[in-house]
Amino acid sequence: MDKYIPVVVIKELCEVDVILPALKANSLNCAEITFRTDCAAAAIKAAAEKYPDMVIGAGTVINENQCRQAIKAGAKFIVSPGLSVPVANLCRKKHIPYYPGCVTPTEIMQALELGITTVKFFPANVYGGLQALKALAAPFPQIRFIPTGGIDRNNIDEFLAFDKVAAIGGSFFVKESLEKFKGTI
Ligand code: 3PG
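Summarised in this report is the structure supplied together with it. (Residues numbered from 1 in each chain as written. Predicted model: local features only at pLDDT ≥ 70, side-chain atom pairs only at ≥ 80, totals over all residues. Heavy atoms only, no water.)

**Remarks on the site of the ligand**
Working step 1: All residues adjacent to the ligand are V7, R36, K120, F122, T148, G149, G150, G170 and S171.
Working step 2: Between the ligand and G150, the relevant distance is 2.8 Å, taken from an oxygen atom to a main-chain nitrogen or oxygen of the residue.
Working step 3: Here S171 contributes a side-chain N or O atom positioned 2.5 Å from an oxygen atom of the ligand.
Working step 4: With the chains in place, 81% of the 310 Å² that the ligand exposes on its own is no longer accessible. (Near = heavy atom within 4 Å. Polar contact = N/O pair within 3.5 Å; in protein donor to acceptor, adjacent residues only side chain to side chain. Areas by Shrake-Rupley, 256 points an atom, 1.4 Å probe, with all protein chains shown as cover.)

Have a look at this one:
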């Protein structure tokens, strides 16, 4: 898994060819394209075809139908804001990693029962930040986390320093990459 997971919102398909090159230029080789817009599946398909050296996944996947569309479009991983049992089952069947959002011990226990050992901790800033993450991690030594939500350059290093953090998710990677990329044109 990539250490950095940029959370990408594509409003128009043409943005794929702006955002992905910017991420690549910023040494980010992964993109979580979110199902928050109508063109999400088409954007995943375009990204997977045009940028085969990048790991393209789907985010904000909240039901089995979106999950099916995402996998069909070429998504290599699936992320949800919460935990969906139908999405988990489909991902397991298709051998695609699934990172559900979990912020309570009960949700983590449910993830474990589904065979999932890496979960998204979202929204990280609202659910108590690093302090809460550490407390939550203590009873689950087998679980690794992807904190997402409210993470930026000011706090990323403290999250990365915690050994239970598998990766960091965030939209700030996109913003930062676009700003830097524009600066080089
Ligand atoms: C997500 O869907 O993962 C979040 O919207 C990302 O949160 P951020 O915009 O605070 O990084």
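**Some thoughts on the packing of helix α3 (residues 64-73) against helix α4 (residues 85-94)**
Helix-helix packing is characterised by the crossing angle of the two axes and by the distance between the axes.
Working step 1: Running from amino to carboxyl end, α3 crosses α4 at an angle of 30°, the nearest separation of the two axes being 8 Å. Here α3 is positioned roughly parallel relative to α4, judged by the angle of their axes. Crossing hand, α3 versus α4: right-handed. Between α3 and α4, the residues in contact are E64, C67, R68 and I71 and P86, V87, L90, C91 and K94, respectively.
Working step 2: Looking at the contact of α3 with α4, its residues break down into six nonpolar, no polar and three charged. (Axes fitted to C-alpha atoms, helices over the stretch in contact; angles between N-to-C directions. Helix = DSSP H or I, 4+ residues; strand = E, 2+ residues; numbered from the N terminus. Parallel < 35°, antiparallel > 145°, perpendicular 65-115°, else oblique. Left-handed = near helix turned anticlockwise from the far one by under 90°. Contact = heavy atoms within 4.5 Å. Nonpolar A, V, L, I, M, F, W, Y, C, P; charged D, E, K, R; others polar.)

**A word on the pattern of salt bridges**
Working step 1: Following the criterion strictly, the structure yields six salt bridges and no others.
Working step 2: D53 serves as the salt-bridge partner of K24, at 2.9 Å between the closest nitrogen and oxygen. One end of the pair, K24, is in helix α1 (residues 16-25); the other, D53, is in the loop between α2 (40-50) and β3 (55-59), with 29 residues separating them in the sequence.
Working step 3: K24 gets classed as partly exposed once you look at its relative accessible area, which sits at 33%.
Working step 4: Linking E176 and R153 is a salt bridge whose minimum nitrogen-to-oxygen distance equals 2.6 Å. Note that E176 is positioned in helix α8 (residues 172-184) and R153 in the loop between β7 (144-147) and α7 (156-160), a separation of 23 residues in sequence. (Salt bridge = Lys/Arg side-chain N within 4 Å of Asp/Glu carboxyl O. Buried < 20%, exposed > 50% of the residue type's maximum accessible area, 1.4 Å probe, protein only.)

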